[in-house]
Amino acid sequence: GWAGRLRDLRPRCCRCSAELGWLPSPLLHPPPPHSGAAAGAASVPAAPTACETPSPLTIPGGTRQSPINIQWRDSVYDPFLKPLKISYDPTTCLHIWNNGYSFLVEFDDSTDRSTIVGGPLENQYRLKQFHFHWGAINDWGSEHTVDCKFYPAELHLVHWNAVEYPSFEEAVMEGNGLAVIGVFLKLGARHEGLQTLVDALPAVRHKDTVIEFDVFDPSCLIPSCPDYWTYAGSLTTPPLTESVTWIIKKKPIEVDEDQLEAFRTLLFTSHGEEERRMVDNFRPLQPLMNRTVRSSFRPQLGP
Ligand SMILES: [Zn+2]
């Protein structure tokens, strides 16, 4: 049943096997110390790569956990993968909620007004919410990595299979229940679409605060380049169920330093608690195991 599965999936510390809290605590798993800085340049640390992070949390019995490192040359081009069709109705946007781990922008999913179809999916999926993961500094923060490289942040747009399941809660427990689009954020030009969200963040600085946020089209946060990778995985936060078809966009979007800093002004903590900044809210990499990452695009020649 539900409770039993939750217990089985509870993460353990990769170093000491202690059972971790309900939410994976980034404080127990700080990013790795810098290494290899040249003598005389010690104040300019080398950026760590994902492959230097501690071994992943292990999930007993888990065979399709997320996130993973996407090794470009190991992904397999699948000419039968269709383009992903995204159709969002901006008026289905409802509110922004600081849930103590990220901020969630939630949508009305009672009808098929904001959906995705195509790509690797056999059904139409409804948009439920989107959120981000980010680091304390720009050298890490994404959950997935590409060739062991972190991006400073990653966007997740979470959809559920309303053709086969009656509710999001039921879809979460099924192998084809969810479809999540992942978009990497990289440092560059200011993103005007994202700025609308950034301007609203001070109002949800504390855990458990919610504000109305009606009318927003998240397709402005998805790169127009159609290329993506796809693989079968899991949620990266409890209940960590293996219910997600991941669709990871190859091309990142650009955001500027101020916008990433605005994410870092949010708090894990509620009003009245000692303030803890909301940073490093990503899960460590998980083993690929017996899985193939497929790409919608032909392999490229290059380094
Ligand atoms: Zn996420």
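Residues numbered from 1 in each chain as written. Predicted model: local features only at pLDDT ≥ 70, side-chain atom pairs only at ≥ 80, totals over all residues.

### A short note on the overall build of the chain
Rules: A run of H or I in DSSP counts as a helix once it spans at least four residues, and a run of E counts as a strand once it spans at least two, with each numbered from the N terminus. Residues with at least 20 other C-beta atoms within 10 Å of their own are called buried, those with 12 or fewer are called exposed, and the rest are partly exposed. The C-beta atoms themselves are positioned from the backbone. Two residues qualify as being in contact provided that their C-beta atoms, derived from the backbone, are within 7 Å of each other.
Each helix and strand in the chain was counted, giving four helices and 15 strands. The proportion of buried residues among the 303 residues of the chain is 38%. Sequence-distant contacts, at least 24 apart, represent 72% of the contacts inside the chain between residues at least 6 apart.

### Here's the deal with the environment of Leu 221
With respect to the secondary-structure elements, Leu 221 resides in the loop between strand S11 (210-212) and strand S12 (228-233). Judged by local crowding, Leu 221 falls into the buried class, with 21 C-beta atoms found within 10 Å. Along the chain, Leu 221 and Leu 194 lie 27 residues apart, while their C-alpha atoms are 6.9 Å from each other. With residues near it in sequence (within four places) discarded, Leu 221 still touches Leu 155, Val 183, Gly 193, Leu 194 and Ile 253.

### Here we look at the pairing of strand S10 (residues 178-187)
Quick note on the threshold: Strand pairing follows a simple DSSP-based rule, namely that at least 2 bridges must link the two strands.
Burial runs high along S10: eight of the 10 residues are buried. The pairing of strand S9 (residues 153-160) with S10 spans eight bridges and is antiparallel. Of the residues in S10, the one forming a bridge with Leu 157 is Ile 181. Taken together, the five bridges between S10 and strand S13 (residues 244-249) define a ladder with parallel strand orientation.

### Re unusual backbone geometry
At the junction of Ser 66 and Pro 67, the peptide bond is cis and its omega measures out at 0° in the coordinates. Relative to the helices and strands, Pro 67 resides in the loop between helix H1 (2-9) and strand S1 (69-70). Of note in the backbone geometry, Asp 147 takes a positive phi value of approximately 50° without being a glycine. Within the fold, Asp 147 resides in the loop between strand S8 (145-146) and S9. Positive phi outside glycine occurs at Leu 240, with the angle close to 55°. Relative to the helices and strands, Leu 240 resides in the loop between S12 and S13. For Leu 240, a count of 23 C-beta atoms within 10 Å puts it in the buried group.

### Digging into the environment of Asp 147
Residue classification places Asp 147 among the partly exposed residues on the basis of 14 C-beta atoms within 10 Å. The sequence separation of Asp 147 and Gln 71 amounts to 76 residues, and the corresponding C-alpha distance is 4.7 Å. Those residues in contact with Asp 147, other than ones at most four positions away along the chain, are Gln 71 and Trp 72.

### Quick word on the confidence of the model for the chain
This is how it is decided: Values of pLDDT, the confidence the predictor places in each residue, fall between 0 and 100.
Model confidence for the chain is summarised by a mean pLDDT of 85, while 79% of its residues fall at 70 or above. Considering only residues more than four positions removed or in separate chains, one finds that residues 52-56, a stretch of pLDDT under 50, has 15 contacts.

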